Amino acid sequence: SGPAGLVSATVGAHVSGTPKTPWKATRAPLPAGARPGAYLSGVACPSVTVCVAAGTYTDSSGKIQGLLLTRHGASWKAAQAPLPADANTSSGVSFSGLACPSTTVCVAVGYYLDSAGNEQGLLLTGQGSSWIAAHVPLPAGAATSAGVPLSSVACLSAVACVVTGQDTGASGSSEGLLLTGLGSAWIAAQVPLPAGAGSSWVGLGGLACPSITACVVTGGAIARSSGIDQGLLLTGRRSSWTSVKAPLATGAYADVSLFDVACPSVRVCVVAGDSTAGRSPHSPSQGLLLTGHGSSWTAV
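What counts and how
- Residues numbered from 1 in each chain as written.
- Predicted model: local features only at pLDDT ≥ 70, side-chain atom pairs only at ≥ 80, totals over all residues.
- Heavy atoms only, no water.
- Helix = DSSP H or I, 4+ residues; strand = E, 2+ residues; numbered from the N terminus.
- Buried < 20%, exposed > 50% of the residue type's maximum accessible area, 1.4 Å probe, protein only.
- Lys, Arg positive; Asp, Glu negative; His and termini not counted.
- Salt bridge = Lys/Arg side-chain N within 4 Å of Asp/Glu carboxyl O.
- Polar contact = N/O pair within 3.5 Å; in protein donor to acceptor, adjacent residues only side chain to side chain.
- pLDDT = per-residue confidence, 0-100.
- Contact = heavy atoms within 4.5 Å.
- Pairing = 2+ DSSP bridges.
- Axes fitted to C-alpha atoms, helices over the stretch in contact; angles between N-to-C directions.
- Patch = residues over 30% accessible without salt bridge, like charges linked within 9 Å, V, L, I, M, F, W, Y side chains within 5 Å.
- Areas by Shrake-Rupley, 256 points an atom, 1.4 Å probe, with all protein chains shown as cover.
- Disulfide = S-S within 2.5 Å.

1. Some details on the side chain of Asp-114
By the element assignment, Asp-114 lies in the loop between β8 (106-113) and β9 (119-127). Despite its burial, Asp-114 pairs with no opposite charge; the closest candidate is Lys-63, at 12 Å N-O. Engagement of the side chain of Asp-114 in a polar contact is seen with the backbone nitrogen of Ala-116, the distance being 2.9 Å. Engagement of the side chain of Asp-114 in a polar contact is seen with the side chain of Gln-120, the distance being 3.0 Å.

2. Side note on the confidence of the model for the chain
Looking at the chain, pLDDT values average 85 and 86% of them are 70 or higher. Confidence, expressed as mean pLDDT per element, reaches its minimum in the chain at helix α1 (residues 3-7) with 33 and its maximum at strand β4 (residues 50-58) with 96. Within the model, the stretch residues 1-11 combines pLDDT values under 50 with 18 contacts to residues more than four positions away or in other chains.

3. Remarks on the sheet that holds strand β10 (residues 130-133)
Reading across the sheet, the four strands line up as β7-β8-β9-β10 and stay open at both edges, with antiparallel pairing between neighbours. In the strand order of this sheet, the two ends are held by β7 (93-99) and β10, each with one partner. Across the sheet, the axes of successive neighbouring strands diverge by a mean angle of 25°, strand direction being ignored. Summarising the sheet, β9 and β10 pair through four bridges and their orientation is antiparallel. Its bridge partner being in β10, Thr-125 is matched across the sheet by Ile-132.

4. A word on the sheet that holds strand β20 (residues 269-276)
If you trace the four strands from one edge of the open sheet to the other, you get β19-β20-β21-β22, paired in antiparallel fashion. Among the strands making up the open sheet, the edge pair consists of β19 (257-262) and β22 (296-299). Put simply, the sheet's adjacent strands are angled 25° from each other on average, direction ignored.

5. What to know about a nonpolar patch on the surface
Together, Val-268, Val-270, Leu-289 and Val-300 line one region of the surface with nonpolar side chains, adding up to about 320 Å² of accessible area. Among the structural elements, Val-300 can be located in the segment after β22. Residue class for Val-300 comes out exposed when judged on its relative accessible area of 64%.

6. Thoughts on the state of the cysteines
Here, the word disulfide means a covalent bond between the sulfur atoms of two cysteines. Counted under the stated rule, the structure contains five disulfides. Across the disulfide from Cys-155 sits Cys-161; the S-S distance is 2.0 Å. Disulfide Cys-155 to Cys-161: torsion about the S-S bond roughly 90°, handedness right-handed. By relative accessible area, Cys-161 is classed as buried at 0%. Each disulfide pairs two cysteine sulfurs, and for Cys-209 the partner residue is Cys-215, the sulfurs being separated by 1.9 Å. Its torsion about the S-S bond being 100°, the disulfide of Cys-209 and Cys-215 is classed as right-handed. The same class applies to Cys-209 as to Cys-215, namely buried. By sequence-ordered numbering of the bonded cysteines, the chain has its disulfides arranged as 1-2, 3-4, 5-6, 7-8, 9-10.

Here it is as structure tokens:
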């Protein structure tokens, strides 16, 4: 039922431990006036003594608010997530990504509902009790009144992070959004498509930043001519991004969906996804693994 349904039924807890020590649970603290219950959706630990978690809770008036928890040593402190001035006073908040490039700065992304009921990107930077909400820029040609939910964040360094999301083009089609920056300074770029890959819909999945010069993003585009889902692999930062179509494994047909990505080095990344095994709409899907970087990828 989503975060709104979970808030009333669960209690957020932090569980920590190592292979040599027992795990222990700690009830998540809540801001003053909060109703019992919280839902935690993400965590990042820039050091062995500092961690930040993001989620939601319900305030005294019954509104779902963003929850930001910061741990220094053994103590957790709670803060209510700030919202832009156009936020709907009776709507909710959702977090989908969290990254901490240093022990003093974290970036949390997600969405909120504006006064017109549209989903808008939520882009927060801070730590502890000090967080600011940044304006989400849009690339040229984007429809400014459209919803812009943000889905994931990863950091190239302590001074630059990359965020993925969605925006709506002038024609009404869904297009991927790429942001690079930190604090209140962000640059927007639209997802480039490989040559000849006309698309009516673009979605982004996983995100990893193995170096200070380039990130890798997985995604997909539905071809306007065939309706077939094509996997996309993007590499870049700021306004400079390149894309290639995901290769197919032997015996696979099409309809590629790419999800998560991990990069153990600057030259090698691994992507997880799936594809269909035949031309029939009822063909079974099969797991897909891609290895590579930049424009060179192999599939199994």
